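Chain by chain, the residues:
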Amino acid sequence: MPDNVMKVNIVTPDGVVYDHHARLVVLSTIDGEIGVMAHHAPIIAPLIIDEVRVRRVDKPHHEDSIAVNGGFLEFSNGLVSIVANSAERARDIDLRRAKYAKQKAEKTIKVAEQKHNVDDLARAQVSLRKAINRINVSSHRN
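Note that this is a predicted model, so its numbers are computed, not measured. (Residues numbered from 1 in each chain as written. Predicted model: local features only at pLDDT ≥ 70, side-chain atom pairs only at ≥ 80, totals over all residues. Heavy atoms only, no water.)

Caption draft 1: Looking closely at the overall build of the protein. The number of helices and strands found in the protein is two helices and seven strands. Reading the helices (α) and strands (β) of the protein from amino to carboxyl end gives β-β-β-β-β-β-β-α-α. C-alpha atoms of the protein, sized along the principal axes, occupy 55 × 30 × 25 Å. Split into buried and exposed, the 142 residues of the protein put 39% on the buried side. With an accessible surface of roughly 8,400 Å², the protein has 51% of that area assigned to carbon and sulfur atoms. (Helix = DSSP H or I, 4+ residues; strand = E, 2+ residues; numbered from the N terminus. Buried < 20%, exposed > 50% of the residue type's maximum accessible area, 1.4 Å probe, protein only. Areas by Shrake-Rupley, 256 points an atom, 1.4 Å probe, with all protein chains shown as cover.)

Caption draft 2: Representation of helix α1 (residues 95-115) within the structure. In a regular helix each residue adds 1.5 Å, so 21 residues correspond to 30 Å; α1 covers 30 Å between its end C-alpha atoms and thus fits that length. Residues A98, A105, I109 and A112 constitute the buried set of α1. All buried residues of α1 fall inside an arc of 75° around its axis, so they share one side. Residues of α1 that are exposed and angled more than 90 degrees away from the buried face: R96, Y100, K107, K110, Q114 and K115. Residues of α1 that are buried in the fold lie against α2 (118-138). Its side-chain oxygen 3.2 Å from the backbone nitrogen of R96, D94 forms the N-cap of α1. The positive-phi residue at the C-terminal boundary of α1 is H116, with phi of around 55°. (Expected span 1.5 Å × (residues − 1). Arc of directions from axis to C-beta. Contact = heavy atoms within 4.5 Å. Polar contact = N/O pair within 3.5 Å; in protein donor to acceptor, adjacent residues only side chain to side chain.)

Caption draft 3: Region of the structure containing the packing of α1 against α2. Following both chains from N to C, one finds α1 and α2 inclined at 155°, their axes separated by 8 Å at the closest point. As far as their axial angle goes, α2 and α1 are roughly antiparallel. For the crossing formed where α1 meets α2, the hand is left-handed. Only D120, L121, A124, Q125, S127, L128, A131, I132, R134, I135 and S138 of α2 make contact with α1, whose side of the interface consists of L95, R97, A98, K99, A101, K102, A105, E106, T108, I109, A112 and E113. Among the residues forming the contact of α1 with α2, the class breakdown is twelve nonpolar, four polar and seven charged. (Axes fitted to C-alpha atoms, helices over the stretch in contact; angles between N-to-C directions. Parallel < 35°, antiparallel > 145°, perpendicular 65-115°, else oblique. Left-handed = near helix turned anticlockwise from the far one by under 90°. Nonpolar A, V, L, I, M, F, W, Y, C, P; charged D, E, K, R; others polar.)

Caption draft 4: Region of the structure containing the UniProt feature "domain: ATP synthase epsilon subunit C-terminal" (unreviewed entry) in the protein. With numbering aligned to this structure, UniProt lists the feature "domain: ATP synthase epsilon subunit C-terminal" (unreviewed entry) at residues 92-138. Regarding residues 92-138, the helix share stands at 89% and the strand share at 0%, and the terminal C-alpha atoms are separated by 8 Å. (UniProt positions renumbered as here; feature names shortened; annotations may be inferred.)

Caption draft 5: How the structure looks around the nonpolar core. V25, V52, V54, I66, V68, V80 and I82 are the most contacted members of the largest nonpolar core, which totals 20 residues. Elements supplying a minimum of two residues to this core: β1 (6-12), β2 (15-29), β4 (43-56), β5 (63-76) and β6 (79-83). For V52, the residues in contact, after removing those within four places along its chain, are I10, V25, V26, L27, D64, S65, I66, V68 and I82. Within the second largest apolar cluster, six residues are counted, among which are I109, A112, L121 and L128. (Core = buried A, V, L, I, M, F, W, Y, C linked by side-chain atoms within 4.5 Å.)

Caption draft 6: The arrangement of the pattern of salt bridges in detail. Scanning the model with the defined rule gives eleven salt bridges in all. In this structure, E63 and R55 form a salt bridge, with 3.1 Å as the shortest nitrogen-oxygen distance. For E63, a relative accessible area of 24% gives the class partly exposed. Note that R123 and D120 form a salt bridge whose closest N and O atoms lie 2.6 Å from each other. Of this pair, R123 and D120 are both found in helix α2, three residues apart, which corresponds to roughly one turn of the helix. Here the salt bridges share partners, and the residues they tie into one network are E33, R53, R55 and E63. (Salt bridge = Lys/Arg side-chain N within 4 Å of Asp/Glu carboxyl O.)

Below, the structure written as structure tokens:
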């Protein structure tokens, strides 16, 4: 493998979602957005619900977009490993289903606020962030 190239794997309980060689990965940790390149210092970091962008080696003017719903990043020895509860490539997102999930979460939030149900409110807010992330990432289909 060339000196400025790394391997990127995104894995969920359902299996491998993404597996390519890349020059750059941009993702959001709980401490903010970071970019990882082949010679980055080793790192382990928790991720937030957000888009992961990958600049692939075989398509230098193209970025792959993946909706990741939290999880962990580990980088060492030229390997970016992301372990998440769920992740979807932009091309695999069902936009209609994501919009429906957004509407459903918004309704649940309203009801939970009216009933002062903090548990339902917290779950619905997470569902809303996931749906919005999927909608945003789906717009990056190539």
